[in-house]
Amino acid sequence: MPFFPLALPFDRLAANIADMILFVPLVSVALALLKKQIVLTQLLGTQPQLHAYFVFYGAAVVGLGWLYQVFFLTLTGTTPGKFFFGLRVIDVWTKRAPDWQKVIFRSVLWWLDVILILPLLALFFDSHRRPMHDRMADTVVVNLRNRSTGLPTLFESFFSKTLFCGMTLVMVLWAAAEVWGLYSRSNRFGLMVKSWVGGTSLCADVDRALRTWPAEISSDQGRLRVAMALFAAGATDAQCLDAEAESLIWKKQSATAEKALSYLAKAFSQMEGGANSDTYLDRVCEIDRVSEACAVTELMELFRKDKKNGGPPAEPLMKKLTSEYGKIWAARYFYARGKMDALDGILAELSLNPSLSHFLSEFRIKSLWKKNEWRSAEAAFQIYWENGGRPDRSENASMDWWLCDRELLRGCENSLQPSCRVFEEKFKRAAKESFSLPVSLTLLRKKECEKRDGDLVSSTGGERFPPEFVAYVEQLKLPKTAAEKNKNLLQIVTLGHYSESVRRDAAYRMIRDAQNPSHLKELTQYWLKQENDGEWLGVGEMLFDRFVDLKDHASALRLSERLYELSPAEENARRKMLAHFHTGDKKMAWEFAKKLGRREKRQPAGAASGYEDVRRQLSEEFGGL
Amino acid sequence: MILPWLSGFLEFRKAPVTWLLFLFNMGFYVFLAFQSYSDDKQFDRFVSDTDFLKTQAFVFAQFIERRPAEYPTLLSDIAARAQQGHRVAQHQLSGLALRDARFAEEGPAEAYFGDEVAIADWKDKFESFVDLQKRHPSQVWGVSSGSEVFWKTVTYQFVHGGYFHLVTNMFFLLIFGGFLEVAIGGAAVFFLYLLGGVAAALAFSELTGLSLAPLIGASGAINGLIGFFAVFYLRHRMSFFYFLLPRLGYYGKIELPVWIFLILWVLSDFASVMASVPELGGVAYTAHLGGFAFGLGVGALVFLWRKAASHGVFGNASRLHKML
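Okay, so let's go over this structure.

How each quantity is defined
- Residues numbered from 1 in each chain as written.
- Chains lettered and ligands numbered in written order.
- Predicted model: local features only at pLDDT ≥ 70, side-chain atom pairs only at ≥ 80, totals over all residues.
- Heavy atoms only, no water.
- Helix = DSSP H or I, 4+ residues; strand = E, 2+ residues; numbered from the N terminus.
- Buried < 20%, exposed > 50% of the residue type's maximum accessible area, 1.4 Å probe, protein only.
- Contact = heavy atoms within 4.5 Å.
- Areas by Shrake-Rupley, 256 points an atom, 1.4 Å probe, with all protein chains shown as cover.
- Disulfide = S-S within 2.5 Å.
- Axes fitted to C-alpha atoms, helices over the stretch in contact; angles between N-to-C directions.
- Parallel < 35°, antiparallel > 145°, perpendicular 65-115°, else oblique.
- Left-handed = near helix turned anticlockwise from the far one by under 90°.
- Nonpolar A, V, L, I, M, F, W, Y, C, P; charged D, E, K, R; others polar.
- Buried area = accessible area lost by both parts, 1.4 Å probe.
- Salt bridge = Lys/Arg side-chain N within 4 Å of Asp/Glu carboxyl O.
- Polar contact = N/O pair within 3.5 Å; in protein donor to acceptor, adjacent residues only side chain to side chain.

Observations concerning the overall build of chain A
Okay, so step 1: When helices and strands are tallied, chain A shows 32 helices and four strands.
Okay, so step 2: A burial count over chain A gives 48% of its 625 residues as buried.
Okay, so step 3: In chain A, 60% of the contacts between residues at least 6 apart in sequence involve partners at least 24 apart.
Okay, so step 4: Of the accessible surface of chain A, which amounts to about 31,800 Å², a share of 59% is contributed by carbon and sulfur atoms.

Dropping the structure here:
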């Protein structure tokens, strides 16, 4: 038993906080020059140098903290903060201030306890409230002002032991999860800092692809070609392509072909998120008419021509498409025009490239399907599916479902496509197979597109649908009036326990069936509050189109602002233009009209009407585009 | 958390000038906030437009490269790193470009190599940004290299960057201004406040150098008051309100010698000045120190004059004791 009452944990914590008020300004002055050096190294040094400085800074803080403790404890047996609260550190044997050797030892262990944190829990269950640094140094902290003994109570002891075990387990699991997360993130993300000397932040996807690329690539232009090929094949994202394009586009002296290529890359990288995509595309052929990059832009122009008529022949362009990215675009063109033999030729040329395997598999399946070689297509699909081609994490998805789902997303008129017919027949025939949620929703959507009567669940086999889908379909049947239906759907959208795919389906139904803007107000408010990306962005776009159709331009304006904030792509710039125009702000509408390029890529279904008229009016009022 | 506490300002009839300064600062802040609301939103859009900033970094790097004699070596090195694609250097340079008066004047007129689409876009936006900057209240009233009128060394003291900036400054104004006004009178506090602010601005422009980023805030002026206070009350004990933990016994009032507070007060700014890289700009710590030095200087003169004349400027000791 100590001679004086023990210091309570809160006393010690408060004393340490009080010490920090004095310590922090002192250490800031002492390490000011080092901090300045760290800033300079971040700008001009290398990464290893920066790491070294950070480690040194940390060590200096620990060292100065140790000195602070040693100085005060050796002289007085207490620190300024402890003194303020009446605490003293005493040697358990001599009952006096500890000698300098023990103080030095104790102060080192104090830092260890603070860094590890868990040993400090002994403050609550040790009989003398001595964490590791006190026990090892034979010291105890007492409170000269305390009237009670300060011993831990049974509750404190039990609670802190349980907490100790629980926290240890949580920390181990958390550390494991963090390490795993870091590993998978570094695999998934495209950007990494290559090195600080020479200092370009380039794309990890390209580095990985270069290791197995069939041809030797050493130049920046070669890297960009690889990045373009990966992007065209869906194997990397716009951010990666943008980083590679940046490294070339700002070079002091670059050949015209290099320049044209980098402008094309910028155009692609801006297609979904930037507003200058068309401007970059226009410049490509202006810079180098005979380059492969120009040939690709001309091919893209052909894509936009009337698909039913096939457009002008593209064969002269094909001769210029010699690198991988050019061939991928050629493959897309041939598929769209139904020229499967030509497509097969391109796929064969690209087949030696392992980085493009995903793209090759997908197009191989599509090509076989179009040629009615269904068994081969199915076999190819199974291989593709097993090797990571799962867009929706569905367990039993098949190629037919996958193809039909994509057709229905493009519109109800595609419900009679062969893929959808085969899909439905196959699922009806497969005796005991259960459906996943995405497959179930596709079946429901198909049935509604074809306006068929009857209950989908009971006619196809109730047990085969997941319980969530059955519950959803039952929910859809319940309401009688339009208002009840709307309220019901809103509830489904906002309820967290429904899956994403069901909630989105409910949102689409609300938008499709709304006859009055007031039916969509709550859905709009909900959507505006969410972190909207991916598929939910599509819900926002549908909402905008519906508000325009219902002539609620104020709501359309609000939505367009948020859509543009989330994705400043051309479509959303067009939405902003329309919304500002219809709410009377023609000046702002004109600002957005100027951003838009001359070519149309995709027109939003509802809002397309009147778009050209608006543009023409603005152009007449403010000057030509 | 630990805050000084002097009760002079509570007797507001005895500290009318301090209260008037306080109310004027608050009112002016609200007025400017309304006036600049849409400009602030536009400003935020610019500084969060990464494409604009990235292009600006490349452009500014080329601008610096063409003028090796006019820019320090550090900036030339950063420019070279930025052109190599170093992200940190690009980020730093894009911010510095917004503060550079020469670049604002001459930059858009020059031709640059690189991403011509991004450069054209940048030029449009940069011109709008410069217009926005020119009409923003902090530029109109603050001290910057954009204009060199002396009266701005007074007006900048009443412009604040945000409500947190305002609240912290006003807190210290009430604490120290209120106390000093009871002791030396309203007129003295008023002139000490204004002249302290002017001295802070001059110290800042000499030691740190002006840029397009304006100097604003009452900190320099308030440091002048604190410097003056320090001369006469160095060895006295001052009340402090502390709050360490939300438990009884861990918050309350204590009395500490004023010199401890002043050492900690000056040390933080001093450490920040030592740690800063002058070419990269930053918070105006030199303004704080300049105002403080001014207050110290004036206080020392008054102290010496008092001693020589054997008359107390601070007359009533028992009233003062009550304030402390």
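Things to note about the state of the cysteines
All names here are of chain A.
Okay, so step 1: A full pass over the atoms with the stated rule returns one disulfide over all chains.
Okay, so step 2: The residue that forms a disulfide with Cys285 is Cys294, at a sulfur-sulfur distance of 2.0 Å. Every disulfide takes its handedness from the sign of the S-S torsion; for Cys285 and Cys294 that torsion is 105°, giving right-handed.
Okay, so step 3: On the basis of relative accessibility, which here comes to 13%, the residue Cys285 falls in the buried class.
Okay, so step 4: According to the relative accessible area criterion, Cys294 is buried, its value standing at 0%.

Brief notes about the packing of helix 2 (residues 32-44) of chain A against helix 3 (residues 47-76) of chain A
Residue and element names in this part refer to chain A.
Okay, so step 1: Remark: helix 2 packs on helix 3, axes separated minimally by 9 Å, with the N-to-C direction vectors making an angle of 160°. One finds that helix 2 runs roughly antiparallel with respect to helix 3. Helix 3 is crossed by helix 2, and the crossing has left-handed handedness. Where helix 2 abuts helix 3, its residues Leu34, Lys35, Gln37, Ile38, Thr41 and Gln42 lie against Gln49, Leu50, Tyr53, Phe54, Phe56 and Tyr57.
Okay, so step 2: Residues that form the contact of helix 2 with helix 3 fall into these classes: seven nonpolar, four polar and one charged.

Considerations on the interface of chain B and chain A
Okay, so step 1: On the chain A side, the residues contacting the 43 residues of chain B number 45 residues.
Okay, so step 2: Across the interface of chain B and chain A, roughly 3,800 Å² is buried in total on both sides, 67% from carbon and sulfur atoms.
Okay, so step 3: The largest share of the area that chain B buries against chain A comes from B:Asp115, B:Val117 and B:Leu244, three residues that together contribute 15% of it.
Okay, so step 4: Applying the counting criterion to the chain B and chain A interface returns five salt bridges.
Okay, so step 5: A salt bridge links B:Lys54 to A:Glu246; the nearest nitrogen and oxygen atoms lie 3.9 Å apart.
Okay, so step 6: Counting across the interface, chain B meets chain A through seven residue pairs in polar contact (both at pLDDT 80 or more).
Okay, so step 7: Contributing elements (two or more residues each) for the side of chain B that touches chain A: helix 3 (50-65), helix 4 (73-83), helix 5 (87-97), helix 7 (116-135) and helix 13 (258-275) of chain B.
Okay, so step 8: A breakdown of the residues in the side of chain B that touches chain A according to their chemical character gives 23 nonpolar, ten polar and ten charged.

Describing the side chain of A:Arg546
All names here are of chain A.
Okay, so step 1: Mapped onto the fold, Arg546 is located in helix 28 (residues 535-549).
Okay, so step 2: Look at Arg546 and you get buried, because its relative accessible area is 18%.
Okay, so step 3: Within the structure, the side chain of Arg546 is placed 2.6 Å from the backbone oxygen of Ala514, a separation counted as a polar contact.
Okay, so step 4: In this structure Arg546 touches Ile511, Arg512, Ala514, Gln515 and Leu520, once residues within four positions along its chain are discounted.

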